Amino acid sequence: MFKLGGLKSTPPSPSPHHLLCLLLLLPIIIINATATATTASGRRFKEAPQYDNSPACPSISAQDMCSQEAVHVAMTLDYPYLRGTMAAIFSILQHSSCPENIRFHFISTPSSTHLHEAISSSFPYLRSQIYSFDTYPVSGLISSSIRSALDSPLNYARNYLANILPPCVQKVVYLDSDLVLVDDIALLAATPLGAGTVLAAPEYCNANFTIYFTPTFWANPLLSLTFSERNACYFNTGVMVIDLERWREGDYTTKLVEWMELQKRMRIYELGSLPPFLLVFAGNIASVDHKWNQHGLGGDNFRGLCRNLHPGPVSLLHWSGKGKPWVRLDANRPCPLDALWAPYDLLQTQFALES
């Protein structure tokens, strides 16, 4: 039997029958299609139901975007991933015990800040704020990678979170837009960072760490010594818990930028915004249970082939890689696990379900 929310999954690779059973167990949400949000592209999104706090939740003013009792979530906001962002927000609220105490911080380019209106229309009760990210400074630091989507300047906004978000926000959960949660995000936000640790993320020490850097990097003794005194492991930057106060004190944005500047002079890595994070943080992060990032569901960065879940419990499903569930569903070529994303899709379809 396959279960979500921190429970074991057996077998680790569910059959279509198991997936069907799971979908039958998921809460069925019938959404009134009369309330919709329309983007500039003409796509319409349904209004999501409102979720209330449980009695045990602390009371926080709706206008308070700085409360340390709130769970702060940072996400980027752009056209290609808007549908995924909507689904991610919906999943977070649906599985939270204190949804009114979540504060969303959206980072967008100046030309796309109006997308916040679409978010507000689908989630009129959402406690959120949008920040304009000037992509010009980082654009000159980006080196081409194996997939053009990885070269988007907004992909590097995570490097600047401590500068973009107000100083009153001390701790934040950073999430990519191609994921859904099936567990309470407060549990992830409460991850202990330990003394002096800046961020927490699931680590994958069985991955071949060397492939993220070029032979030029490993052949240079001054560069390869970067990892000599730390047990450096791969981690995925799409799910991170970050102590912004410690980040600011250590000026970690500057450290990331310095590696990007070196990359422009001599190519030392291949894969977008990830390697600078590995260079700065790998081996010095707080570990998070793998259930909080069942990543790679989008397949590899070239073909985006279907993949199964990793063995173990599941609290967050992440379609990192080339294949995105909304694209495959629209093309009528979904992977089996895309059926787990579909219940959170708020796109207004021509034929809406009615109770």
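The name that an unreviewed UniProt entry assigns to the chain is Hexosyltransferase, with the source organism given as Salix viminalis. According to the UniProt record, the Sequence similarities (unreviewed entry) comment for the chain is "Belongs to the glycosyltransferase 8 family." Per UniProt, the comment on the chain under Subcellular location (unreviewed entry) is "Endomembrane system".

All right, on to helix H3 (residues 115-122) then. Within the span of H3, buried status applies to Leu115, His116, Ala118, Ile119 and Ser122. With its buried residues spanning 155° around the axis, H3 presents them on a single face.

Right, let's talk about the packing of helix H10 (residues 252-265) against helix H11 (residues 274-281) for a bit. At a minimum axis distance of 9 Å, the contact between H10 and H11 shows a crossing angle of 120°. One finds that H10 runs oblique with respect to H11. For the crossing formed where H10 meets H11, the hand is right-handed. On H11, the residues touching Tyr252, Lys255, Leu256, Trp259 and Met260 of H10 are Pro276, Phe277, Leu279, Val280 and Phe281. Along the lines of polarity and charge, the residues of the contact of H10 with H11 split into nine nonpolar, no polar and one charged.

As a general point, the strands of a sheet are linked pairwise by backbone hydrogen bonds and lie either parallel or antiparallel. Strands sit in the order E5-E4-E3-E6-E11-E8-E12 across an open sheet of seven strands; the sheet is mixed. Both outer strands of the open sheet, strand E5 (128-132) and strand E12 (286-287), are each paired with one neighbouring strand and no more. In this structure, strand E4 (residues 102-108) lies alongside E5, joined through five bridges in parallel fashion. Across the sheet, residue Phe106 finds its bridge partner in E5, namely Ile130.

To continue, consider the environment of Phe209. Positionally, Phe209 belongs in the loop between strand E9 (203-204) and helix H7 (215-219). For the pair formed by Phe209 and Ala232, sequence separation is 23 residues and the distance between their alpha carbons is 7.8 Å. Each residue touching Phe209, except ones within four places of it in the same chain, is listed here: Phe227, Ala232, Cys233, Tyr234, Leu278 and Ala282.

Rules used throughout
- Residues numbered from 1 in each chain as written.
- Predicted model: local features only at pLDDT ≥ 70, side-chain atom pairs only at ≥ 80, totals over all residues.
- Heavy atoms only, no water.
- UniProt positions renumbered as here; feature names shortened; annotations may be inferred.
- Buried < 20%, exposed > 50% of the residue type's maximum accessible area, 1.4 Å probe, protein only.
- Helix = DSSP H or I, 4+ residues; strand = E, 2+ residues; numbered from the N terminus.
- Arc of directions from axis to C-beta.
- Axes fitted to C-alpha atoms, helices over the stretch in contact; angles between N-to-C directions.
- Parallel < 35°, antiparallel > 145°, perpendicular 65-115°, else oblique.
- Left-handed = near helix turned anticlockwise from the far one by under 90°.
- Contact = heavy atoms within 4.5 Å.
- Nonpolar A, V, L, I, M, F, W, Y, C, P; charged D, E, K, R; others polar.
- Pairing = 2+ DSSP bridges.

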